[in-house]
Amino acid sequence: MKTLPHLIENNREWAKHMTDDDPSFFSRLAHQQSPECLWIGCSDSRVPANQIVGLDPGEVFVHRNIANVVVHSDFNCLSVLEFAVHVLEVKHVIVCGHYGCGGVKAAGADSHLGLIDNWLRHIRDVRQKHSEALNAIDDQTARDRRLCELNVIEQVRNVCHTTIVQQAWSRGRSLSVHGWIYDVADGLLKDLEVTTESSQEMEEAYRIVTALDG
Ligand code: CO
């Protein structure tokens, strides 16, 4: 099929609905965006950033990849982070993972899938780093869920360690980095309570949260 008429049709209805509610909605957005949050989440189709936090277009800047990974050599992710922090001047960066993440599950399974194994290696590193705590969990589902959480916590730490966030903090900018997890089974978000607003706070939050595993 060369066209997707139902999607274009949905779009017309959606745009009409938005302007019926607020006639200047699009003309206002056309001039500028000023989102307060950057969302770093998984590409999974069940975790659409704006919808699950009830935000309209213009309210959240978004970067998504498989298993919400933040890698220090990923210029795509770093460019998004830099633009969000230094140009849009967002006040919050949210790393949001989700239970039932296929990427995390694949990383836990040790199967070989091809190119993506190189990407999943980052999550396998997380698994390896916390292997003692994870191996102590007998139930496979509970272990997978914990790895999803630990992956978020490690990615929050990676965000905090970037030159971008470090620079913002050293200039006295107010910037919080949050770690959340979403449950695709009930649509609810959980705050993993690793929110940090400075380098010192990050190490403290990380120690407390990961010590619970020990
Ligand atoms: Co996922």
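Because the structure is a prediction, the values reported are computed rather than measured. (Residues numbered from 1 in each chain as written. Predicted model: local features only at pLDDT ≥ 70, side-chain atom pairs only at ≥ 80, totals over all residues. Heavy atoms only, no water.)

1. Here we look at the packing of helix α8 (residues 140–161) against helix α9 (residues 163–170)
Axis separation between α8 and α9 bottoms out at 4 Å; the angle between their running directions is 60 degrees. Regarding the angle of α8 to α9, the classification is oblique. Along its contact with α8, which presents Val159, Cys160 and His161, the element α9 presents Thr163, Val165, Gln166 and Trp169. When grouped by side-chain class, the residues that make up the contact of α8 with α9 number four nonpolar, three polar and no charged. (Axes fitted to C-alpha atoms, helices over the stretch in contact; angles between N-to-C directions. Helix = DSSP H or I, 4+ residues; strand = E, 2+ residues; numbered from the N terminus. Parallel < 35°, antiparallel > 145°, perpendicular 65-115°, else oblique. Contact = heavy atoms within 4.5 Å. Nonpolar A, V, L, I, M, F, W, Y, C, P; charged D, E, K, R; others polar.)

2. Looking at the coordination of the cobalt ion
In this structure, Cys42 (SG), His98 (NE2) and Cys101 (SG) serve as the protein donors to the cobalt ion, at separations of 2.0 to 2.3 Å. Judged by its relative accessible area of 1%, histidine 98 falls in the buried class. (Donors = N, O, S within 2.8 Å, 3.2 Å for Na, K, Ca; no water. Buried < 20%, exposed > 50% of the residue type's maximum accessible area, 1.4 Å probe, protein only.)

3. Brief notes about unusual backbone geometry
With a phi close to 40 degrees, asparagine 68 is a non-glycine residue in the positive phi region. Examined against the element boundaries, asparagine 68 turns out to sit in the loop between β2 (60–65) and α4 (75–87).

4. Remarks on the pattern of salt bridges
Taken as a whole, this structure holds ten salt bridges when the rule is applied. With a shortest N-O distance of 4.0 Å, glutamate 36 and lysine 91 are connected by a salt bridge. Note that glutamate 36 is positioned in the loop between α2 (25–31) and β1 (37–42) and lysine 91 in the loop between α4 and β3 (92–99), a separation of 55 residues in sequence. With a relative accessible area of 41%, lysine 91 lands in the partly exposed category. The salt bridge involving aspartate 117 is made with arginine 124; its shortest N-O contact spans 3.7 Å. In this structure, aspartate 117 and arginine 124 share a single accessibility class: buried. (Salt bridge = Lys/Arg side-chain N within 4 Å of Asp/Glu carboxyl O.)

5. Observations concerning the pairing of strand β4 (residues 176–183)
The buried fraction of β4 is high, at eight of eight residues. Going residue by residue along β4, you find Ser176, His178, Trp180 and Tyr182 tucked away on one face and Val177, Gly179, Ile181 and Asp183 tucked away on the opposite face as well. As paired strands, β3 and β4 are joined by eight bridges and run parallel to one another. Paired with histidine 98 across the two strands is tyrosine 182, which belongs to β4. Linkage of β4 to strand β5 (residues 188–191), two consecutive antiparallel strands, is achieved through a turn of four residues, within which glycine 187 is found at a positive phi near 75 degrees. (Pairing = 2+ DSSP bridges.)

6. Details of the domain arrangement of the protein chain
What the domain assignment reports for the protein chain is domain 1 (1–31) and domain 2 (34–213). Distance between the C-alpha centres of domain 1 and domain 2: 31 Å. (Domains from an automatic or database assignment.)

7. Examining the pairing of β3
Here β3 lies mainly inside the structure; seven of its eight residues are buried. Where β1 meets β3, five bridges bridge the pair, whose relative direction is parallel. Looking at β3, one finds that tryptophan 39 is bridged to isoleucine 94.

8. Focus on the packing of helix α5 (residues 102–109) against helix α6 (residues 116–129)
Following both chains from N to C, one finds α5 and α6 inclined at 65 degrees, their axes separated by 9 Å at the closest point. Considering their axes alone, α5 and α6 lie roughly perpendicular with respect to each other. The handedness of the crossing between α5 and α6 is right-handed. Touching Gly103, Val104, Ala106, Ala107, Gly108 and Ala109 of α5 are Leu120, Ile123, Arg124 and Arg127, all from α6. Residue composition of the contact of α5 with α6, grouped by class: six nonpolar, two polar and two charged. (Left-handed = near helix turned anticlockwise from the far one by under 90°.)

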